[in-house]
Amino acid sequence: MGMAGNYLVKIEANAVFVRAKRKNAPPTPLLIRYGSKYWMGRLVYSNRPVLQLYDFQKDGALGFSNSSSAGSVPENQLAMDKEQELKSDVEGKLTKLRKVKEEHQAVAVIDNDLVLSLANVRNDKEFTYLRFKVINHSAIDYNVDFTDFQLVENAQKKFLAKKKNEARRPLAPSGGAANQTITGRTTGYLTYAIPLYAATERGYLEVTLRELNGARVLVLPVPSRVINRASPI
């Protein structure tokens, strides 16, 4: 949850119960992962909840566990197990992005003889497509375990360097491959698709590259203006 401090959460077996700590708690983004499946939503406080339970075990479709006049909620378009047609479209655009000339070498971070930089970014109506460049100056292979994406808002600092209501929203990747390896003394590229979002000037996308069987973690902040002004694909 993006604002977990406002809610209490209890998990029993496969059931998750959420309760607000106070009346009129602000809405918060919610990411649910069950196995390899992902759902993204928005948790909103209600004085008179409908007391309906949501079932996340119906082949990836999000529906009510009991019948109601509202019927089932539409299938999550951003689920990792979405139909093959959507997957093919996303992977096709990632393939196209791999052939584009590098455009954003200035957005980079250097640590532990590794360089992580943003090479390209594109948007369509549903996703943001990102291509990263990794330069491995070390002699040891860098095996990418997974890449974590978080939208950070209100990141500006107040007096005495205290952060003002910083909010973080996890973004589950909807395309791209895990466990990629950048061998020692070589350069490689990583491509991902994440759900489309709009950030303010005070926000940025935090990209964290984690190493499998290693402690070399790379964290790259991508300014919101770079993504907001990206060309369509």
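Just so we're clear, the structure is a prediction, and the values are computed from it rather than from any experiment.

Q: Requested: an account of the confidence of the model for the chain, with residues and values cited.
A: On average, residues of the chain carry a pLDDT of 80, and 79% of them reach 70 or more. Averaged pLDDT values for the elements of the chain fall to 41 in strand β6 (residues 61–64) and rise to 97 in strand β8 (residues 114–123). Scored below 50 in pLDDT, residues 59–82 shows 51 contacts in the model against residues more than four places distant or in partner chains.

Q: Quick rundown of the packing of aromatic side chains? Include the residues and the values.
A: Tallying each qualifying case throughout the model produces four aromatic pairs. When the centroid spacing of 6.4 Å and the interplanar angle of 55° are considered together, the rings of Phe132 and Tyr192 count as tilted. Note that Phe132 is positioned in strand β9 (residues 127–136) and Tyr192 in strand β13 (residues 187–195), a separation of 60 residues in sequence. Judged by centre distance (5.4 Å) and plane angle (70°), the ring pair of Phe149 and Tyr192 falls under edge-to-face. You can see Phe149 sitting in strand β10 (residues 142–153) and its partner Tyr192 sitting in strand β13, a full 43 residues away along the chain. Summarising the burial analysis for this pair, Phe149 and Tyr192 share the class buried. Feature note: the residues Phe132, Phe149 and Tyr192 constitute an aromatic cluster, connected by ring pairs.

Q: Run through the nonpolar core, naming residues and quoting values.
A: With 29 residues, the main nonpolar core has Phe132, Phe149, Leu205 and Val222 as its most contacted residues. Breaking this core down by element, the ones donating at least two residues are β8, β9, β10, β13, β14 (204–211), β15 (218–223) and α2 (224–228). Contact partners of Phe132, with chain neighbours within four places excluded, come to Leu116, Ser117, Leu118, Ala119, Phe149, Gly188, Tyr189, Leu190, Tyr192, Val207 and Leu220. Grouped together as the second largest cluster of nonpolar side chains are seven residues, Val90, Phe127, Tyr129 and Ala193 included.

Q: Pulling in residues and values, what's your account of the pairing of strand β4 (residues 37–43)?
A: On a regular strand, each side chain points to the face opposite its neighbour's, so the side chains alternate between the two faces of the sheet. In this structure, strand β3 (residues 28–34) lies alongside β4, joined through seven bridges in antiparallel fashion. From the neighbouring strand, Thr28 faces β4, where its bridge partner is Leu43.

Q: Help me get a handle on the side chain of Arg131, residues and values and all.
A: Mapped onto the elements, Arg131 comes out in strand β9. There is no salt bridge for the buried Arg131, and the closest opposite charge comes from Glu102, which lies 5.5 Å off by N-O distance. Only 3.0 Å separates the side chain of Arg131 from the backbone oxygen of Val100, close enough to count as a polar contact.

Q: An account of the environment of Asn228 is needed here, citing residue identities and associated values.
A: Position of Asn228 relative to the elements: it lies in helix α2. Taking the relative accessible area as the measure of exposure, Asn228 reaches 40% and is therefore partly exposed. Placed 106 residues apart in sequence, Asn228 and Arg122 show a C-alpha to C-alpha distance of 9.4 Å. Sequence-distant contacts of Asn228, defined by excluding residues within four places in its chain, comprise Ala198 and Ala199. Within the structure, Asn228 has its side chain in polar contact with the backbone oxygen of Ala199 (distance 2.9 Å).

Q: Which residues make up the pattern of salt bridges, and what values do they have?
A: Two side chains carrying opposite charge are able to pair once their charged atoms lie near each other. Inspection of every chain in the model, using the stated rule, returns six salt bridges. A salt bridge links Asp124 to Lys93; the shortest N-O distance between them is 2.9 Å. Taken together, the residues Asp124 in the loop between β8 and β9 and Lys93 in helix α1 (residues 84–97) connect sequence positions 31 residues apart. One exposure class covers both Asp124 and Lys93, and it is buried. In this structure, Arg122 and Glu103 form a salt bridge, with 3.0 Å as the shortest nitrogen-oxygen distance. Here Glu103 lies in the loop between α1 and β7 (108–111) and Arg122 lies in strand β8, a separation of 19 residues in the sequence. In this structure Arg122 comes out as buried when scored by relative accessible area, which is 13%.

Q: So what's going on with the pairing of β8? Which residues, and what values?
A: With respect to burial, β8 is a largely interior element, ten of its ten residues being buried. Bridging between β7 and β8 involves four bridges; their strand directions are antiparallel. Note on β8: the bridge partner recorded for Ile110 is Val115. Between the antiparallel neighbours β7 and β8 lie two residues, among them Asn112 with a positive phi of about 55°. Bridge count for β8 against β9 is nine bridges, and the pairing is antiparallel. Across the sheet, the residue bridging to Leu114 is Asn136, located in β9. Linking β8 back to β9 in an antiparallel pair, the connection comprises three residues. Sheet topology note: the β8/strand β16 (residues 231–232) ladder contains two bridges and is parallel. The partner of Arg122 across the bridge, within β16, is Ser231.

Cut-offs used in this document
Residues numbered from 1 in each chain as written. Predicted model: local features only at pLDDT ≥ 70, side-chain atom pairs only at ≥ 80, totals over all residues. Heavy atoms only, no water. pLDDT = per-residue confidence, 0-100. Helix = DSSP H or I, 4+ residues; strand = E, 2+ residues; numbered from the N terminus. Contact = heavy atoms within 4.5 Å. Phe/Tyr/Trp six-rings, centres within 6.5 Å; stacked < 30°, edge-to-face > 60°. Buried < 20%, exposed > 50% of the residue type's maximum accessible area, 1.4 Å probe, protein only. Core = buried A, V, L, I, M, F, W, Y, C linked by side-chain atoms within 4.5 Å. Pairing = 2+ DSSP bridges. Lys, Arg positive; Asp, Glu negative; His and termini not counted. Salt bridge = Lys/Arg side-chain N within 4 Å of Asp/Glu carboxyl O. Polar contact = N/O pair within 3.5 Å; in protein donor to acceptor, adjacent residues only side chain to side chain.

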